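Chain and residue survey
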Amino acid sequence: MKLYQKIALGLMSASILYNSSCGISERAKENEAGFRREESAIVRMIENESPFSQTAVEAPLIKEGKKEWYGNEEHYPFIKTPTGDVIYSKDDAWVGKNLYLSKGGNEKDIQKIAEGVSIKSNHIYSANFRDRENPDIYWVNDTLLFKNRKLSCLRNEGGKFVEQTPIALKDYFGKTPEYLELGDINGDGRLDLLYESTIKIGNRTEKVIKALIGKDGGFDEKIIYYLGESKISGLIARDVDNDGDSDLIFRLKGNDNHLFGLENRTKKNSSPLVFSDGFKRKIDSSDDTFAVMIMLMNMNIMLMTTNMLMNY
């Protein structure tokens, strides 16, 4: 093949490649625009239906200082209740783990409240929405079979703990979510379950925070916050503004030095949910990944075509 023929072939190939890449680019723009429209509609629906404000309050995470006597592996997992008591587990040579309650965090005022329990990771909770002075205690049992995990409960009857029938988590999740939290979303005194989940938007999978709202005989599912591509690394439900419903506090992966709070507006208090030195921001769910992939693919095609022409 003569030189001018090679040049003509190269120009023709470049033209075809350019038109093809323009077509791919236009389709990418159309797909992105379609995704944004669907995403906006879903976010608006969540904003209209969720009891939570959709603008997160952000504040620096205050690191804990000196560890208390219960802050070690021997007493892990443990929690501090809203009333200042400490609930912790401890291994026993004969029965496995026992659960103990330390009144006011006092190492000398301790009572055993459950024997032979099996607790998954740090899935132990204290919930005082039923009785503010006597919080009930929940934990997720540990098992080799995910589908057998259950949420166990000790009902606090004036300081006396009565074991309740466990809730089979497989009925609602299939397996235990990575981040599961208990709260009272609608202020009705019932157990609600909060967790990170996913929804499908077009061909993408986006992150959300969902709640299973407790009712007679089960739970109703509700999406309460849209995370987009962001993932959480911790989730806590607490009545921060003291108005009788659970507000939401979480951390984002890659931003472990800051806490984010969502105010529950079901029972609006005059005191807003505010962290000291906090400020408001919306989580950015923008997605440039697809555009970058298209650009890299076009560059690879051009390089391959150039190499073929040079070697022809």
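Conventions used here
Residues numbered from 1 in each chain as written. Predicted model: local features only at pLDDT ≥ 70, side-chain atom pairs only at ≥ 80, totals over all residues. Heavy atoms only, no water. Helix = DSSP H or I, 4+ residues; strand = E, 2+ residues; numbered from the N terminus. Contact = heavy atoms within 4.5 Å. Areas by Shrake-Rupley, 256 points an atom, 1.4 Å probe, with all protein chains shown as cover. pLDDT = per-residue confidence, 0-100. Pairing = 2+ DSSP bridges. Axes fitted to C-alpha atoms, helices over the stretch in contact; angles between N-to-C directions. Buried < 20%, exposed > 50% of the residue type's maximum accessible area, 1.4 Å probe, protein only. Lys, Arg positive; Asp, Glu negative; His and termini not counted. Salt bridge = Lys/Arg side-chain N within 4 Å of Asp/Glu carboxyl O. Polar contact = N/O pair within 3.5 Å; in protein donor to acceptor, adjacent residues only side chain to side chain.

A closer look at the overall build of the protein
What the protein contains, in helices and strands, is 2 helices and 18 strands. Taking as baseline every contact in the protein between residues at least 6 positions apart, the subset at least 24 positions apart corresponds to 47%. Total accessible area on the protein is roughly 18,100 Å²; 52% of this is exposed by carbon and sulfur atoms.

Here we look at the confidence of the model for the protein
In the predicted model, the protein carries a mean pLDDT of 76, and the fraction of residues at 70 or more is 76%. Element-level mean pLDDT values for the protein span from 30 in strand 18 (residues 279-281) up to 92 in strand 12 (residues 192-201). Long-range and interchain partners of residues 270-312, a stretch whose pLDDT sits below 50, account for 67 contacts in this model, where long-range means more than four residues apart.

Digging into the sheet that holds strand 4 (residues 96-102)
Taken in spatial order, the 4 strands make up an open sheet running 2-3-4-5, and their pairing is antiparallel. This sheet does not close on itself; its edge strands, each paired only once, are strand 2 (78-80) and strand 5 (110-117). Geometrically, the sheet is characterised by an average inter-axis angle of 25 degrees between neighbouring strands, direction not taken into account. Here 7 bridges tie strand 3 (residues 86-92) to strand 4, and the two strands are oriented antiparallel to one another. Each bridged residue has a counterpart across the sheet, and for S89 the counterpart in strand 4 is L99.

What about the pairing of strand 9 (residues 160-163)?
The pairing of strand 8 (residues 150-157) with strand 9 spans 4 bridges and is classified as antiparallel. Paired with E157 across the bridge in strand 9 is K160. The turn linking strand 8 back onto strand 9 is made up of 2 residues, and G158 within it adopts a positive phi angle of 65 degrees.

Topic: the side chain of N156
Following the sequence through the fold, N156 ends up in strand 8. The contacts of N156, once residues within four sequence positions are left out, are R130, N134, P135, D136 and F161.

Some points on the side chain of E206
Tracing the backbone through its elements, the reader meets E206 in strand 13 (residues 204-215). Among buried charged residues, E206 stands out as having no salt bridge; its nearest opposite-charge side chain is R204, 5.5 Å away. Separated by 3.2 Å, the side chains of E206 and Y226 make a polar contact. Residues contacting E206, with those up to four places away along its chain left out, are F35, E39, S197, T198, I199, I201, Y226, G228 and E229.

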